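Read off the chains here:
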Amino acid sequence: MEVLKGLFKQKAEQANAEIKEILKEHGSKVIGEVTLSQVYQGMRGITGLVTETSLLDAQEGIRFRGYTIPELREKLPKAPDGKEPLPEGLFFLMLIGELPTEDDVQRVTNILQRRSHVPAHVFHTIDALPVNAHPMTQFVAGIMAAQTESEFSRRYSEGMNKRDYWAATFDDCIDLIARLPRIAAYIYRRKYHFGQHIQPNGLLDWAGNLAHMMGFDNEGFKELMRLYMTIHADHEGGNVSAHTTHLVGSALSDPYLSFAAGMNGLAGPLHGLANQEVIKWIFEMQEKLGSEMPTKAEIAQYVQDTLSSGKVVPGYGHAVLRKTDPRYTAQMDFGKTHMPNDPLCQTVWNIYEVVPPILQSLGKVKNPWPNVDAHSGALLVHFGLKEYEFYTVLFGVSRALGVMASLCWDRALGFPLERPKSITTAQVKRWLKGEDEIWGD
Ligand code: CMX
């Protein structure tokens, strides 16, 4: 742990000095302009955040510290006999800014193994909820219960010097990432396997151990988990889960509180919950049509029915991307390699051919292409993980890697309380008549 922490400290000191210089020389440069439509319509395209871990390009997709998903799949260290990247390696890359060696990744795996103990009261808190509570509700409750372990919170109450915020945040972020697989697997076994829990295997990697504790011990599923945990980890800073974690963290709420807030955002159907909505939507289509593999014409009719009943087509569209999500493509590649004849995957690929032209024809959808959530469920179902209400928890475990790495950077760079300005429509009306200033305090 000390090696990783020392490396991070060194990188953060360098970055702090560079940013200080940049701001000294260019701090007053104008970076963009904001229209009234942007203010009313979800702040799309307004640049207002610094997130070091990844950057999203509308045409190309996500790059993690400069590396695309295909590059990560090639360059990041793998498990023995594995072909997919170990997510611990991506965490190292996001945190330190450099590709890890095999030893670096092994060190992260060891740290996460050592710090993965979950106190009993976390499980008791989860057990206090009805078993039919949504897995995301149980997940957030578990994270909140684990907040009793926060180093940041304890040290802050003892009068921590602001110079040490980053170090206490770092400890909490690592502990939380280490604990999440156990919490997630506990919820899965509690809800779907009569509370028959499986102990962690101290020899497995972080994602492999999650698969094991959920009860999926075959190598194919472990590989899927490694890929899944890698591609869902981060999507720059403006998405709801990342932005919420960052925003709440800016109040110096500790990493447990901040991450729980982010997870409440991930649980929304326009964000992470879309992964359960996709598979639910496909299962309903199969049931309605009485067919495991509906034809493209039948899919097209079902899409039209969905739209005319005032619902969105889940798994399609994006607030920033304007092409097929490379996270979708990576999963399609995994599917075509490991399960080319799987009827559900084939249906997902048929949907990919049918949906974009229909959404395009509406004339208002800015991105008719599939996002990450359009594919993930089909791969999970293939391995027997059919309980789709659990899917967003998996997304959440992965998302911790990105948002926790970012939170370390937020504190290391001394980012202040986030507090943008809001306005009222009454003020806008006065401003349009020249009777008021919009930029007052
Ligand atoms: N199906 C139907 N209509 C859609 C649509 C879809 N998949 N995607 C966008 N639209 C509609 C919007 O609802 C909006 O309609 P109104 O003007 O009537 O309100 C219009 O097209 C314009 O929206 P947009 O600018 O293209 O998209 P937004 O940036 O507002 O929203 C998103 C982005 C993801 C919320 C939207 O595409 C959507 O609802 N998709 C389905 C849900 C989904 O898959 N979410 C997961 C996203 C990835 C993730 O975070 O995990």
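Let us look at the structure shown here. Since the structure is predicted, the reported quantities are computational estimates derived from the model, not experimental observations.

### Side note on the pairing of strand 1 (residues 54-57)
Burial of strand 1 is one-sided: the residues S54 and L56 facing one way are buried, the residues L55 and D57 facing the other way are not. Relative to strand 2 (residues 61-64), strand 1 is paired through four bridges, and the arrangement is antiparallel. Of the residues in strand 2, the one forming a bridge with S54 is F64. In sequence, strand 1 turns back onto strand 2 through a hairpin of three residues.

### Remarks on the pattern of salt bridges
Applying the stated criterion to the full structure yields 24 salt bridges. Measuring nitrogen to oxygen at the nearest pair gives 3.9 Å for the salt bridge that ties E71 to R63. Here D217 ties to K222 by a salt bridge, and the two come within 3.2 Å at their closest N and O atoms. Under the relative-accessibility criterion, D217 is labelled partly exposed at 45%. Among the charged side chains, a salt-bridge network with shared partners connects D205, D217, E219, K222, E223 and R226.

### With respect to a nonpolar patch on the surface
Where nonpolar side chains cluster on the molecular surface, the patch consists of V34, V39 and Y40 and spans about 260 Å² of accessible area. Checked against the element boundaries, V39 lands in helix 2 (residues 36-40).

### Quick look at the site of the ligand
Surrounding the ligand, one finds 20 residues, the nearest of these being H271, G315, Y316, K364 and D373. In this structure, G315 approaches the ligand through a main-chain N or O atom, which is 2.8 Å from an oxygen atom. K366 is positioned such that a nitrogen or oxygen atom in its backbone is 2.8 Å from an oxygen atom of the ligand. Within the complex, the protein chains bury 75% of what would otherwise be the 900 Å² of accessible surface of the ligand.

What counts, and at which threshold
Residue numbering note: each chain is counted from 1, following its sequence as written. At least 70 in pLDDT is required for a residue's local features to be given in this predicted model, at least 80 for side-chain atom pairs to be given and counted, and no such filter applies to totals for whole chains, interfaces and linings, which use all residues. The side-chain values count all of the structure's non-hydrogen atoms but skip hydrogen atoms and water molecules. A 1.4 Å probe rolled over the protein chains alone gives each residue an accessible area, and that area as a share of the maximum for its type sets the label: buried under 20%, exposed over 50%, partly exposed in between. Runs of H or I in DSSP of at least four residues are treated as helices and runs of E of at least two as strands, each being numbered from the N terminus. Strand pairing is assigned whenever DSSP identifies at least 2 bridges connecting the two strands. The working definition used for a salt bridge is a side-chain nitrogen of Lys or Arg within 4 Å of a carboxyl oxygen of Asp or Glu. Grouping into patches uses exposed residues only, defined as over 30% relative accessible area, and leaves out salt-bridged ones; the cut-off is 9 Å for like charges and 5 Å for nonpolar side chains (Val, Leu, Ile, Met, Phe, Trp, Tyr). Each accessible area is a Shrake-Rupley estimate made with a 1.4 Å probe; only the visible protein chains count as cover when residues are assessed. Proximity is defined per residue: any heavy atom of the residue falling within 4 Å of a molecule or strand makes that residue near it. Pairing of N or O atoms within 3.5 Å defines a polar contact, subject to two protein rules: one partner must be a possible hydrogen donor and the other a possible acceptor, and residues neighboring in sequence count only if both atoms are side-chain atoms.

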